[in-house]
Amino acid sequence: MTDYPNKLRIALVSLGNTHNLGARQLCAVMKGAGFETHMVFLSDIIQNDIIPPSEWEMDRAVELIGDEIKPDLLAISVSCSTFFDTAVKLSSRCREKGIEKVVWGGIHALLCPDECIEHVDYLCVTEGEEIVPILLNRLENNESAADVPGFWIKENGNVTKNRPPGVVHDLDTLPFPDYEDENKYFICENKFYKKEPFLVRVHSVFVITSRGCPFHCTYCAAPYFMTEEVTGVKHLKLRQRSVGNVIRELHYLADKLPNFRNLTINFADDVFVMKIDWVHEFVKRYQAEFKNPFWCYFHPTLVRDDIIKLFKGVGMRYINMGVQSGSERIRTDVYRRTDTDKKIRKAMDIIHANKIGIMIDVIVDNPFDTQSDRDAALEFFLSRPRPYTLNFLSLIFFPGVEITQKALAEGRITKDQIETIDKKAFYQMNFHFGWKDRKPVESLYTALYQMSSKMFVPKWFVRMLSGSQGLRKNPKPAIRLAIIFNAILFLWNRSKIVLRRFFSGELKLGDFAHSIKKYREAGIPME
Ligand code: B12
Ligand code: SF4
């Protein structure tokens, strides 16, 4: 057990995902500043769905925090607006157990501080690493926190709104997200583990090498995190960690995670390929020191032949690009994206020429879509060289982003459809055909888009279905067909991948044996 010089004890909660890099990083900061920090992960993403905590899980979390950890401060990371109600409930139930001080931070706190401050004593409205230790020291010494920068402070019923002090410009000075096993708790699928969640279930791992995004998509919160309001800095530019620092984090992960050798590394940067020299240096080091497949997002406007070749050389098998709509009008006018049809065509051609798979994110259920947008989108997808994969996401109206304001102002949505109230991410984070509120024509076109990228579905057939007025009213037959085609492709791809990895020698029985051995040694059940 580590000894901490300070008396103040903290329970830091992550809601709905065990990655939570921001909260893990703060956990490292809190411990580094000498505070005993217990990190509680309440529910997780299961089979790609985000799930609210069950009643049992909520009760267990309250009991754990209120009766076992008994912190002086409850700190909650509201890293997704969908979990706002969960954070409210957990805070009030923990207060009933006698916990007096509550602090929140995270994405939703940045986007909706007025809504959040009602439920807390302290609200972090900017990045936390520099300012959290200041708050903790004030609480440790029983001093007023009223002037701690970057926090909204509620003391004696008065709220003081302190501006952000600026950001940490050199990201290399920050500690890595914390994956230590000590004082970690995981409540998920109605089970409780006193363990670091990554030691409970086999997981992919996320790493962030930069902060910031130069684009301004209207449905995304990321641009807001660069503003002076959130950062305290005018015209803040992208901040990038050094290659050496990222590689050190990967070695730290390799040391902490028993099955690291079998994990894909997901680089979760808003846009990973921003600085070309950095990418060159990174790939060289990565290739020399790691064998893990890796994944990152590409922006179509940043796809270059030399970069794709580099990534192919280090095992990137497919590229994930956000295109978001096949209609250029929706892309540029409604989403304010900079990728024209021409730029996307060029990006896809480069990737195809390099024989790498393409996965394209597309947003559906957009009330701004007209019939001519749908037809244009279908023709665009049909015109692209096959095969490629389309990944569908249902438009969620998160609070504080431009498209939500616009849709509200134009009467296209009601206030109940804003995410804190709607909680759509709980049932449509990944697209499901079963959503009852979807318009039939939207279901039909999503089914047709799905077909349009598949080699074995004739294009004339997809066009023929799109002309059917009957299917626009009742799209079920087209949906069933799309599901069957998806299943065929899934089975074909799975068998191909396993066989290719096995025969290329990349998938060795020894790797599995190594992981199982390490898990057994650590007493961890394999799932
Ligand atoms: C990596 C990532 C993921 C990863 C890991 C999740 C995570 N939170 O780390 C995965 C894949 C799991 C994921 C899942 C989802 N994500 Co996501 N994700 C991101 C991404 C790209 C980076 C987050 C990050 O690590 N930032 C860097 C860290 C350092 O910043 P931070 O989290 O804000 O934390 C800092 C401060 O907020 C503060 N802080 C944070 N917590 C606390 C707590 C306290 C007590 C204090 C004092 C301070 C504090 O200090 C931290 C350090 O400076 C963001 C986009 C972005 N640019 O932020 C989207 C983003 C957060 N995701 C988003 C969404 C919608 C989702 C999903 C619903 C999936 C989907 N349909 O898109 C799920 C929800 C999962 C969940 N339960 O939270 C939205 C959230 C919008 C909103 N209003 O809620 C974002 C903003 C992207 C967007 N489209 O706008 N995501
Ligand atoms: S490029 Fe991605 S992260 Fe950047 S604003 Fe657009 S959607 Fe958000």
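Residues numbered from 1 in each chain as written. Chains lettered and ligands numbered in written order. Predicted model: local features only at pLDDT ≥ 70, side-chain atom pairs only at ≥ 80, totals over all residues.

### Section: the site of ligand 1
Our working rule: By definition, a residue lies near a molecule or strand when the C-beta atom built from its backbone is within 6 Å of it. A run of H or I in DSSP counts as a helix once it spans at least four residues, and a run of E counts as a strand once it spans at least two, with each numbered from the N terminus. In this classification, the charged set is Asp, Glu, Lys and Arg, the nonpolar set is Ala, Val, Leu, Ile, Met, Phe, Trp, Tyr, Cys and Pro, and all remaining amino acids, among them Gly, are polar.
Around ligand 1 there are 42 residues in total, and G16, G22, S77, G105 and G128 lie nearest to it. Counting residues per element, the shell around ligand 1 draws most heavily on helix α1 (residues 21–32), at five residues. Residues belonging to the shell around ligand 1 are distributed by class as follows: 26 nonpolar, 13 polar and three charged.

### Thoughts on the sheet that holds strand β8 (residues 151–155)
Where strands meet in a sheet, backbone hydrogen bonds hold them as pairs that are either parallel or antiparallel. What counts, and what does not: Strands were regarded as paired on the criterion that DSSP finds at least two bridges between them. In this analysis an axis means a line fitted to C-alpha atoms, helices contributing only their contacting stretch, and an angle means the value between N-to-C directions, from 0 to 180 degrees. We call two residues in contact if the C-beta atoms placed from their backbones are at most 7 Å apart.
Taken together, nine strands build an open sheet; the order of strands is β9-β8-β7-β6-β5-β1-β2-β10-β11 and the sheet is mixed. At either end of the open sheet lies a strand with only one pairing partner, and these are β9 (158–161) and β11 (191–193). Looking at each pair of strands side by side, their axes are set apart by 15° on average, direction ignored. Inspection of the sheet shows strand β5 (residues 73–77) paired to strand β6 (residues 101–105) by five bridges, in the parallel sense. Bridge assignment links A75 to a residue of β6, and that residue is V103. Along the sheet, helix α3 (residues 84–96) contacts β1 (9–15), β5 and β6; its crossing angle with β5, the most-contacted strand, is approximately 170°.

### As for the pairing of strand β2 (residues 36–42)
Along any regular strand the residues' side chains alternate between the sheet's two faces. In plain terms, the rule: To sort residues by exposure, count the other C-beta atoms lying within 10 Å of each residue's C-beta; 20 or more gives buried, 12 or fewer gives exposed, and values between give partly exposed, all with C-beta atoms placed from the backbone. When the strands point away from the viewer and the connection leading from the first strand across the helix to the second strand turns clockwise, the crossover is called right-handed.
Burial analysis of β2 places seven of its seven residues in the buried class, which makes it a mostly covered element. Of the two faces of β2, both are covered, the one formed by E36, H38, V40 and L42 as well as the one formed by T37, M39 and F41. Of the strand pairs in this sheet, β1 and β2 are connected by seven bridges, and their pairing is parallel. Directly across from A11, in β2, lies its bridge partner H38. Read from β1 through α1 to β2, the crossover connection turns out right-handed. Bridge analysis of β2 against strand β10 (residues 184–188) gives four bridges, and the strand direction is parallel. Its bridge partner being in β10, F41 is matched across the sheet by F186.

### Looking at the environment of K70
Mapped onto the secondary structure, K70 falls in the loop between α2 (55–69) and β5. Taking the C-beta count within 10 Å as the criterion, K70 has 14 such neighbours and is therefore assigned partly exposed. C-alpha separation for the pair K70 and N266, spaced 196 residues apart in sequence, amounts to 35 Å.

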